[in-house]
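What follows is each chain in one-letter form.
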Amino acid sequence: MASTVIGAGITIEGEVTSEDDVVVAGTLRGKLSTKEAITVETGGAVEADIHGGPVQIAGNVTGNITSTDRVDLQNGAKVVGNVKATRITIADGAQFKGNVDMDV
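Conventions adopted
Residues numbered from 1 in each chain as written. Predicted model: local features only at pLDDT ≥ 70, side-chain atom pairs only at ≥ 80, totals over all residues. Heavy atoms only, no water. Helix = DSSP H or I, 4+ residues; strand = E, 2+ residues; numbered from the N terminus. Rg over C-alpha atoms; globule rule 2.2 N^0.38 Å. Buried < 20%, exposed > 50% of the residue type's maximum accessible area, 1.4 Å probe, protein only. Contact = heavy atoms within 4.5 Å. Areas by Shrake-Rupley, 256 points an atom, 1.4 Å probe, with all protein chains shown as cover. Lys, Arg positive; Asp, Glu negative; His and termini not counted. Charge placed at Lys NZ, Arg CZ, Asp CG, Glu CD. Pairing = 2+ DSSP bridges. Axes fitted to C-alpha atoms, helices over the stretch in contact; angles between N-to-C directions. Polar contact = N/O pair within 3.5 Å; in protein donor to acceptor, adjacent residues only side chain to side chain. Core = buried A, V, L, I, M, F, W, Y, C linked by side-chain atoms within 4.5 Å. Salt bridge = Lys/Arg side-chain N within 4 Å of Asp/Glu carboxyl O.

(A) Representation of the overall build of the protein chain within the structure. Looking only at helices and strands, one finds zero helices and 15 strands in the protein chain. In terms of C-alpha radius of gyration, the protein chain reaches 12 Å, essentially the compact-globule figure of 13 Å for 104 residues. Taking all 104 residues of the protein chain together, 38% fall into the buried category. Taking the contacts inside the protein chain whose residues are at least 6 apart along the sequence as the reference set, 0% of them involve residues at least 24 apart. Summing over all exposed atoms, the protein chain offers an accessible surface of approximately 5500 Å²; the carbon and sulfur share of this is 46%. Distance from the positive charge centre (8 side chains) to the negative charge centre (14 side chains) of the protein chain: 5 Å.

In structure tokens:
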């Protein structure tokens, strides 16, 4: 399966919709939606609501996250917003400010 990549040094403003996995290493402002996996890498920044399958975050996210699977906040992640998912993990060293809804 292919991945949609927003590379380091790239800034996108608007709505991103994909049928594939999405990897964010740059900056996205607006909205991000896919049925597949979303990864926000270290150094990546998302100022948007996220809707997707499994979500892994190592960078910064400001916005609400809705996952049909799980959300993993890795060491160094910084998330400000609400999370709705069946499961969530918050690694030691991750920062999270918001509410969690695990009712699916």
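(B) Spotlight on the pairing of strand β3 (residues 21-24). With four bridges joining them, strand β1 (residues 3-6) and β3 adopt parallel strand pairing. The partner of Val 5 across the bridge, within β3, is Val 23. Pairing analysis gives three bridges linking β3 to strand β5 (residues 38-40), with the strands arranged parallel. The residue bridging Val 23 from the neighbouring strand is Thr 39, located in β5.

(C) Looking closely at the sheet that holds β1. The six strands lie next to each other as β1-β3-β5-β7-β10-β13, forming an open sheet whose pairing is parallel. If you trace the sheet from one side to the other, it starts and ends with β1 and β13 (87-90), each paired once. Recorded for the sheet is a direction-independent mean angle of 10° between the axes of neighbouring strands.

(D) Layout of the environment of Thr 89. Residue placement: Thr 89 occurs in strand β13. You can call Thr 89 partly exposed: its relative accessible area is 32%.

(E) Structural detail: the side chain of Asp 72. Looking at the secondary structure, you find Asp 72 in strand β10 (residues 70-73). Taking the relative accessible area as the measure of exposure, Asp 72 reaches 13% and is therefore buried. A distance of 2.4 Å separates a polar atom in the side chain of Asp 72 from a polar atom in the side chain of Thr 89. Not counting the four nearest positions on each side in its chain, Asp 72 is found in contact with Val 55, Gln 56, Ile 57 and Thr 89.

(F) Just the nonpolar core, in detail. Leu 32, Val 46, Ile 50, Ile 57, Val 61 and Ile 65 are the most contacted members of the largest nonpolar core, which has 22 residues in total. Elements supplying a minimum of two residues to this core: β3, β4 (27-34), β5, β6 (45-52), β7 (55-57) and β10. Ignoring sequence-local partners within four residues, the contact set of Ile 65 consists of Ile 50, Val 55, Ile 57, Val 71, Val 79, Asn 82, Val 83 and Lys 84.

(G) Expanded view of the environment of Ala 85. With respect to the helices, strands and loops of the structure, Ala 85 is situated in the loop between β12 (83-84) and β13. A sequence separation of 32 residues divides Ala 85 from Gly 53, and the C-alpha atoms of the two residues are 9.2 Å apart.

(H) Seen up close, the pattern of salt bridges. Using the criterion set out here, one finds four salt bridges in the structure. A salt bridge links Arg 87 to Asp 69; the shortest N-O distance between them is 2.8 Å. Taken together, the residues Arg 87 in strand β13 and Asp 69 in the loop between β9 (65-67) and β10 connect sequence positions 18 residues apart. Put simply, Arg 70 and Asp 72 hold a salt bridge, and the shortest N to O gap is 3.0 Å. The exposure class of Arg 70 is partly exposed, given its relative accessible area of 23%.

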